[in-house]
Amino acid sequence: MNCGMHRPSTMLNNLLNPVPVIAFFQFSLYNKYNCKILKFISGENGIRVKHIDKIMQEFDGVREIVYLADMQDHTLLFINKAGVEAFGIGGREEAVGKKCYEVLQGHDFPCTYCTNGQLCTDVYLEWVNDNPVTGRSYRFKDKRIEWEGRSMRIGIGEELDNAGIQSMRDELKRKSEREQIVIECIKRMYSSPETDQAIHDTLEIVGRYLRCERAYIFRIHNTLMNNTHEWCAEGVSREIDSLQMVPVSLIDRWIPYFDRDECVIIQDVEQIRESAPEEYAVLKLQNIHSLITVPLVENGTLAGYYGVDNPLAGNLNEISNILKMLAYFFQSLFERKRREDYLKLIGYTDGLTGALNRNAYLRDTLSDVNRNLTSAGGFFIDINGLKKTNDTYGHEAGDQLIRQVYQIVRSAAQDYPVYRLGGDEFVILCPDITRDNLELLESRLRTQLDGRNKCSAAIGVTFQENPSDLGVLVEAADQKMYRDKEEYYKNRS
């Protein structure tokens, strides 16, 4: 179930600095000799490259072509015995010291397709060379190594037959297609100003490319997880509403894989019928035959996962590579969403009470969502005696009074939004409320704000059927509140 992952920096580099990329991938050893080569070059087990003679001893025994060239001036520093024989060189001494493009490609100047500019120290570049000197085709894996303060190019090549050539070209085509889909996803992620829309659009691109039935994201919160985003193919029923507050224990079998930053791949759900019956039952209920899920990690902690259900039959390990490449960018999108949510919170929230603020009030009263209401009610509430409390006991006591009144209003309003418009003013908007329910709410507020608990407020309330403007509705409640406040002070005088 392990799946490799491109380093995000490599992919971003390709986006920001376009080059004729052939294919990047994590280097995989293809025989025991290359294992020896890799250890030698990377200095594992205490080995350090210091002398060309040692390279000769290590590489002359392998069947692949191995050469070493200076990346700055293209000087060929070494070519092994297999390379000498393949290129028809009389002896190694005839080649070393010449330019690599002369010996290996038969050119008088650096190759126009030279890949030096694409090489790095931790990822191999794979490419196919139809060689003009030998008339044969080779698959090369090249990498940059740092040796005694200079950048060197190590090339390892093997000859391809016709079947190998076609297989290699098909493989490169698939890799190119995968990179293109990843690039398209990344472009879509960062082109949309709305993060949720960017996430959905990216899931759609992935879903359509992989021809899967569903693409989705789950976020984990303590012992529960929620399906936060979902894309479904045409004709596939949505599952997101039924996948809220799901116990994380349902994926206990997946957690060890996620902890190792590995994908979970289920080739055939029938394979887990006996070993994981609960998981099998849930997946079967959703008509899932196969799936791939990828962990989403934030600050070293598993924050969720995303995946695809029933992708088109093929190499699921290859599909998992695409998903792993995108995991980093999904994580960055969620970080962006957290920042957006925080800015919205402080932009629409009153710092003293936690109520919605005037910005939120203007947003909601001007919203098109509230233009087709069948009815609406509005309350305007003004605290009595706040100035006296401030003058007598100080502003800290006044702030405490404001918070107490808000808690009373918030509790009485239940699910209706409460806004603090000014120092002592609160508004409640009640869209689609009935007249009877509005009167019950008014009764609760007047009972709890009559001063017996040291909290007193003047209240104005209005009701309207088919309201055209909630702002006008609240203004009418404001006028009634002033009459209520006049009556309050009249009775106290």
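One can find the structure itself at the top, above this paragraph.
Reading the values: rules and limits
Residues numbered from 1 in each chain as written. Predicted model: local features only at pLDDT ≥ 70, side-chain atom pairs only at ≥ 80, totals over all residues. Heavy atoms only, no water. Phe/Tyr/Trp six-rings, centres within 6.5 Å; stacked < 30°, edge-to-face > 60°. Helix = DSSP H or I, 4+ residues; strand = E, 2+ residues; numbered from the N terminus. Lys NZ or Arg CZ within 6 Å of the ring centre and 35° of its normal. Pairing = 2+ DSSP bridges. Contact = heavy atoms within 4.5 Å. Axes fitted to C-alpha atoms, helices over the stretch in contact; angles between N-to-C directions. Patch = residues over 30% accessible without salt bridge, like charges linked within 9 Å, V, L, I, M, F, W, Y side chains within 5 Å. Areas by Shrake-Rupley, 256 points an atom, 1.4 Å probe, with all protein chains shown as cover. Salt bridge = Lys/Arg side-chain N within 4 Å of Asp/Glu carboxyl O. Buried < 20%, exposed > 50% of the residue type's maximum accessible area, 1.4 Å probe, protein only. Expected span 1.5 Å × (residues − 1).

1. Quick word on the packing of aromatic side chains
The final tally for this structure, using the stated rule, is 14 aromatic pairs. Measuring from centroid to centroid gives 5.7 Å for Trp127 and Phe140, while their planes differ by 25°, and the two rings are stacked. Residue Trp127 is found in strand S4 (residues 124-130), and its partner Phe140 is found in strand S5 (residues 137-147); the two are separated by 13 residues along the sequence. Just above the ring of Tyr257 sits the side chain of Arg260; from NZ or CZ to the centre is 5.1 Å.

2. Points about the sheet that holds strand S7 (residues 214-221)
Read from one edge of the open sheet, six strands run S9-S8-S7-S12-S11-S10, paired in antiparallel fashion. Across the chains shown, the open sheet's two edge strands, defined by having one partner strand only, are strand S9 (246-247) and strand S10 (264-266). Along the sheet, helix H8 (residues 195-210) contacts S7, strand S8 (224-232) and strand S12 (301-309); its crossing angle with S8, the most-contacted strand, is approximately 65°.

3. Some words on unusual backbone geometry
Both trends apply: most residues other than glycine have a negative phi, and most peptide bonds are in trans. Unlike most non-glycine residues, Asn222 shows phi in positive territory, near 60°. Relative to the elements of secondary structure, Asn222 occurs in the loop between S7 and S8. One non-glycine residue, Met245, adopts positive backbone phi at about 55°. Examined against the element boundaries, Met245 turns out to sit in the loop between S8 and S9.

4. Considering a nonpolar patch on the surface
A cluster of nonpolar side chains, contributed by Tyr342, Leu343, Leu345 and Ile346, occupies part of the molecular surface with about 440 Å² of accessible area. Take Leu343: its relative accessible area is 55%, and that puts it in the exposed class.

5. Quick notes on H8
Here H8 is 16 residues long and its end C-alpha atoms lie 23 Å apart, about the 22 Å a rise of 1.5 Å per residue gives. Taken residue by residue, H8 has Thr195, Ala198, Ile199, Asp201, Thr202, Leu203, Ile205, Val206, Gly207 and Leu210 as its buried positions. Just downstream of H8, Arg211 is the residue with a positive phi angle, here 55°.

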